[in-house]
Amino acid sequence: MLREHFRDHIEHTETRRRFLRQAGAGSVVTALGGGIYALGGDTVAREARAQVRKDGRSRLPPGQEVLRRLKPMGGTPGDPRRRRFKLRIHGEVERPYELDFAELVGMGPELRSLDVHCVTGWSVLGARFKGVTLRALADRAGVKRSARHLILEAAHGYTANVILREALATDNMVAYELDGVPLARPHGSPVRAVLPGLYFWKSPKFITGLRFASRDQPGYWETRGYHNHADPWREERYG
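Residues numbered from 1 in each chain as written. Predicted model: local features only at pLDDT ≥ 70, side-chain atom pairs only at ≥ 80, totals over all residues. Heavy atoms only, no water.

**Brief notes about the pattern of salt bridges**
Okay, so step 1: Tallying each qualifying case throughout the model produces 13 salt bridges.
Okay, so step 2: For R112, the salt bridge goes to D171, with nearest N and O atoms at 3.1 Å. Pair noted here: R112 is in strand β6 (residues 110-117) and D171 is in the loop between α5 (164-167) and β10 (173-178), with a separation of 59 residues, a long-range link.
Okay, so step 3: Taking the relative accessible area as the measure of exposure, R112 reaches 15% and is therefore buried.
Okay, so step 4: Residue classification places D171 among the partly exposed positions, given a relative accessible area of 32%. (Salt bridge = Lys/Arg side-chain N within 4 Å of Asp/Glu carboxyl O. Helix = DSSP H or I, 4+ residues; strand = E, 2+ residues; numbered from the N terminus. Buried < 20%, exposed > 50% of the residue type's maximum accessible area, 1.4 Å probe, protein only.)

Take a look at the structure:
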């Protein structure tokens, strides 16, 4: 069953990627999971590939096309109401705690212009997210030396695993605004994780918890054939 699911997903993904590549520069792409999404165009993609990040990599990873706005990628929605939101920080920490939405905002928001990359082959450059960094949340909890991984927990038992040193990178955050407005429900309202250095399935929507762990615990997609690490520049799509 897993092998058949994996094969079907690869075929579906390759079809989507071919469609994006064949669409004309600046054309409008429809019916990709619903909605209308404009391609950024060949010029934008070329310019992004010519730009170099601080780590020496091209801004746009290989195999990616540029979209102008974030595309919702499905998943079972959580409760979008801010008054019902709770974020639990626990596991290998000295001071576990829980935040409601007001307390999260009160920690002091950060605004980041981030590039995000989906495993299906699209990227959005310079998406403006507002939220609280994972580093700030971790520092408040006092992460123990025994912690090696961060398990991002979301609605309905969804999880994604990230190596701790990568999870605490400067730009990683839990975000509640996108491009100046509250997160829409298709993007994970009221709060989602954003880890731009990894494929976007590592940025769970409808986030509920940050669990620091001493051992790796592959998450929902990692146990269904996706790569355990998910580096877009190495095209770590499938395991």
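**Quick look at the sheet that holds strand β5 (residues 97-100)**
The strands making up a sheet associate through backbone hydrogen bonding, with each pair oriented either parallel or antiparallel.
Okay, so step 1: What the five strands build is an open sheet, ordered β5-β4-β13-β8-β9; its pairing is mixed. Across the chains shown, the open sheet's two edge strands, defined by having one partner strand only, are β5 and β9 (159-163). Neighbouring strand axes in the sheet, compared pairwise and without regard to direction, differ in orientation by 15° on average.
Okay, so step 2: Of the pairings in the sheet, the one linking strand β4 (residues 86-91) to strand β13 (residues 207-213) comprises four bridges and is parallel in character. Within β13, the position partnered with R88 by the bridge is G209. (Pairing = 2+ DSSP bridges. Axes fitted to C-alpha atoms, helices over the stretch in contact; angles between N-to-C directions.)

**Describing the environment of P61**
Okay, so step 1: For P61, the position within the fold is in the loop between α2 (42-50) and β3 (65-67).
Okay, so step 2: By relative accessible area, P61 is classed as buried at 0%.
Okay, so step 3: Placed 60 residues apart in sequence, P61 and G121 show a C-alpha to C-alpha distance of 9.6 Å.
Okay, so step 4: Beyond its immediate sequence surroundings of up to four residues, P61 is in contact with H117, S123, P232 and W233. (Contact = heavy atoms within 4.5 Å.)

**Focus on the pairing of β10**
Okay, so step 1: Here β10 lies mainly inside the structure; six of its six residues are buried.
Okay, so step 2: Sheet topology places strand β7 (residues 122-133) next to β10; five bridges connect them, and they run antiparallel. Note that in β10 the partner of F129 across the bridge is L178.
Okay, so step 3: As judged from the three bridges shared by β10 and strand β12 (residues 192-194), these two strands associate in the antiparallel manner. The residue of β12 that forms the bridge with V174 is A193.
Okay, so step 4: In the sheet, β10 pairs with strand β11 (residues 181-182) via two bridges, with the strands oriented antiparallel. Bridge pairing in β11 links E177 to P182.
Okay, so step 5: Counting the residues that bridge the hairpin from β10 to β11 gives two residues, and of these D179 lies at a positive phi of roughly 55°.

**What to know about the pairing of strand β8 (residues 149-154)**
Okay, so step 1: With six of six residues buried, β8 lies mostly within the body of the structure.
Okay, so step 2: Burial along β8 is two-sided: the face carrying H149, I151 and E153 and the face carrying L150, L152 and A154 are both buried.
Okay, so step 3: One ladder, built from five bridges, connects β8 with β9; its direction is antiparallel. Bridge pairing links H149 to I163 in β9.
Okay, so step 4: Counting the residues between successive antiparallel strands, the hairpin from β8 to β9 contains four residues, one of them, H156, with a positive phi of roughly 65°.
Okay, so step 5: Two elements, β8 and β13, share six bridges in a ladder whose sense is antiparallel. By the bridge assignment for β13, I151 is matched with R211.

**A short note on the side chain of K205**
Okay, so step 1: For K205, the position within the fold is in the loop between β12 and β13.
Okay, so step 2: Buried charge without a partner: K205 forms no salt bridge, and the closest opposite charge is D79, 15 Å away.
Okay, so step 3: In this structure the side chain of K205 is engaged in a polar contact, spanning 2.9 Å, whose partner is the backbone oxygen of P186.
Okay, so step 4: Not counting the four nearest positions on each side in its chain, K205 is found in contact with M73, G74, A154, P186, H187, G188, V191 and R192. (Lys, Arg positive; Asp, Glu negative; His and termini not counted. Polar contact = N/O pair within 3.5 Å; in protein donor to acceptor, adjacent residues only side chain to side chain.)

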